[in-house]
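Residue-level listing of the chains:
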Amino acid sequence: MQTSDQHPPPPPPPSHPPGQDSAPEPNRSDSVLNSSAVPFGSQRKAPDIAPFERRNWLIHQYYVKKDFESCKAVIKARLEESSGLCEYALYVQGLISRLEGKIQESLEMFQTCCFLSPNNLKQVARSLFLLAQKKARNVFRRFRANYPDKFDYSQTGIPEPLDETTEKEKLEKLAQKRKQNKQRRKEAAKVEREAEELTKVEEKQKQDFLKLTDREKRALAAERRFGNSCGNNSTLRCFQCARNIEQLVPFKYDENSFCTTDCVAHHRTSSKSK
């Protein structure tokens, strides 16, 4: 019988303690709480996102920076890609349209958002409120003044409450402003009428001066130099075109006054042709 220094291998350990038919199920809660239960380097799968929703971060970034032109360009591309079903793009487009004063367009955007998610009804109400006439808005403001603690009005977009005293003061200020504007319009119309009358008088005097002969024009100039009254033609005028040159330095030629060198040349040419 042969002997050996090597011992036979030990039997394998039991897969479960004695007295049990099978191994117990692992506790899932313990495996979640215990970090060692998740293999190192493993990653959980991210939730599936629609392709046209993957650029929402860029839309948000442009909107926060108030770069509305770039934001609208990205929104347009996303809406074309999604056939108009990108909720976030529609929502931000509605906000931009409202900021630009396009309330009707913003209302249409938010109404489309409501078909995708009913959580956008608040923005629809806000746009409807902005579209309402002033009297209709004041109804909401009076309600807020009468029931200040009934709702959270900061989420409704209703402006400051309107009580009777505030409304009366605003109406008085509005009446005073209208009265001042009416007075300004009257004064402006009066100044305009006076300017028209002066223009007519100036044009009539100009035509009367042009009808005079050169000899009569020189006689008027001589009377003006001696300080005599010349009637309606007392204004210093261009010898050729009858322009008022009281505020100008006239060009002198043959003791006659002209407004420009063109009038001097034209007078000399016409004098030589006679």
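This one's a predicted model, so the numbers in the text were calculated from it and none came from an experiment.

## Describing the overall build of the protein
Assigned secondary structure in the protein consists of 10 helices and 2 strands. Written out in order from the N terminus, the α and β elements of the protein read α-α-α-α-α-α-α-α-α-β-β-α. Scored against the burial criterion, the 274 residues of the protein give a buried share of 21%. Taking all contacts inside the protein whose residues are at least 6 apart in sequence as the whole, residues at least 24 apart take part in 38%.

## Quick word on the environment of Leu-128
Here Leu-128 lies in helix 6 (residues 121–131). In sequence terms Leu-128 and Ile-103 are 25 residues apart; their C-alpha atoms lie 8.3 Å from each other.

## Remarks on a negative patch on the surface
Judged by side-chain charge, Asp-163, Glu-164, Glu-169 and Glu-172 come together as a negatively charged surface patch. Residue Glu-164 is classed as exposed on the basis of its relative accessible area of 71%.

## Considering the packing of aromatic side chains
Each aromatic ring pair is summarised here by two numbers: the centre-to-centre distance and the angle between the ring planes. A complete count under the given rule lists 4 aromatic pairs for this structure. Considering the side-chain rings of Tyr-63 and Phe-68, the 6.0 Å spacing of their centres and the 35 degrees angle between planes classify their relative orientation as tilted. Look at Tyr-63 and you get partly exposed, because its relative accessible area is 24%. Centre to centre, the rings of Phe-143 and Tyr-147 are 4.9 Å apart; their planes meet at 40 degrees, and the pair counts as tilted. Take Phe-143: its relative accessible area is 32%, and that puts it in the partly exposed class. Judged by its relative accessible area of 42%, Tyr-147 falls in the partly exposed class. A cation over an aromatic ring shows up here: Lys-150 above the ring of Tyr-147, its NZ or CZ 5.3 Å from the ring centre.

## Some thoughts on a nonpolar patch on the surface
A cluster of nonpolar side chains, namely Phe-143, Tyr-147 and Phe-151, defines an oily patch on the protein surface of about 310 Å² accessible area. Inspection of the secondary structure puts Phe-151 in the loop between helix 7 (134–146) and helix 8 (164–211).

## So, the pattern of salt bridges
As enumerated under the stated definition, the model contains 6 salt bridges in all. In this structure, the salt-bridge partner of Lys-72 is Glu-69, at a minimum N-O distance of 3.8 Å. With Lys-72 and Glu-69 both in helix 3 (residues 68–82) and 3 residues apart, this pair spans about one turn of that helix. Judged by relative accessible area, Glu-69 falls into the exposed class, the value being 57%. Taken together, the salt bridges that share partners define one network made up of Glu-69, Lys-72, Glu-100 and Lys-102.

## What about the nonpolar core?
Counting 14 residues, the largest nonpolar core has Ile-59, Cys-71, Ile-75, Leu-79, Ala-89, Val-92 and Ile-96 as the members making the most contacts within it. At the level of elements, helix 2 (56–64), helix 3, helix 4 (87–99) and helix 5 (103–116) are the ones that each hand at least two residues to this core. By residue number, the principal contributor to this core is helix 3, which donates 5 residues. Among all residues touching Cys-71, those that are not within four sequence positions of it are Ile-59, Tyr-62, Tyr-63, Val-92 and Ile-96. Core analysis: the next-biggest nonpolar cluster, separate from the first, contains 7 residues, Phe-239, Cys-259, Cys-263 and Val-264 among them.

## Looking at helix 10 (residues 261–273)
The terminal C-alpha atoms of helix 10 lie 19 Å apart, and with 13 residues this matches the ideal 18 Å at 1.5 Å per residue to within 8%. Among all positions of helix 10, only Cys-263, Val-264 and His-267 are buried. One face of helix 10 carries all of its buried residues, which in axial projection span an arc of 105 degrees. Turned more than 90 degrees off the buried face of helix 10, the exposed positions are Asp-262, Thr-269, Lys-272 and Ser-273. Summarising the contacts, the buried residues of helix 10 are in contact with helix 9 (214–225), strand 1 (251–253) and strand 2 (256–258).

## Points about the side chain of Arg-237
Mapped onto the secondary structure, Arg-237 falls in the loop between helix 9 and strand 1. Relative accessible area serves as the criterion here: at 4%, Arg-237 is assigned to the buried category. A polar atom in the side chain of Arg-237 sits 2.7 Å from the side chain of Glu-202.

## Observations concerning helix 3
Taking 1.5 Å of rise per residue, 15 residues should cover 21 Å, and helix 3 covers 20 Å from first to last C-alpha, within 8% of that figure. Of all the positions in helix 3, only Phe-68, Cys-71, Val-74, Ile-75, Arg-78, Leu-79 and Ser-82 are classed as buried. The buried side chains of helix 3 occupy one side of the element, clustering within an arc of 135 degrees when seen end-on. Counted as exposed and oriented over 90 degrees from the buried face of helix 3: Glu-69, Lys-76 and Glu-80. For helix 3, the secondary structure elements touched by its buried residues are helix 2 and helix 4. At the exit of helix 3 stands Ser-83, carrying a positive phi of roughly 60 degrees.

Parameters and conventions
- Residues numbered from 1 in each chain as written.
- Predicted model: local features only at pLDDT ≥ 70, side-chain atom pairs only at ≥ 80, totals over all residues.
- Heavy atoms only, no water.
- Helix = DSSP H or I, 4+ residues; strand = E, 2+ residues; numbered from the N terminus.
- Buried < 20%, exposed > 50% of the residue type's maximum accessible area, 1.4 Å probe, protein only.
- Contact = heavy atoms within 4.5 Å.
- Patch = residues over 30% accessible without salt bridge, like charges linked within 9 Å, V, L, I, M, F, W, Y side chains within 5 Å.
- Areas by Shrake-Rupley, 256 points an atom, 1.4 Å probe, with all protein chains shown as cover.
- Salt bridge = Lys/Arg side-chain N within 4 Å of Asp/Glu carboxyl O.
- Lys, Arg positive; Asp, Glu negative; His and termini not counted.
- Charge placed at Lys NZ, Arg CZ, Asp CG, Glu CD.
- Phe/Tyr/Trp six-rings, centres within 6.5 Å; stacked < 30°, edge-to-face > 60°.
- Lys NZ or Arg CZ within 6 Å of the ring centre and 35° of its normal.
- Core = buried A, V, L, I, M, F, W, Y, C linked by side-chain atoms within 4.5 Å.
- Expected span 1.5 Å × (residues − 1).
- Arc of directions from axis to C-beta.
- Polar contact = N/O pair within 3.5 Å; in protein donor to acceptor, adjacent residues only side chain to side chain.

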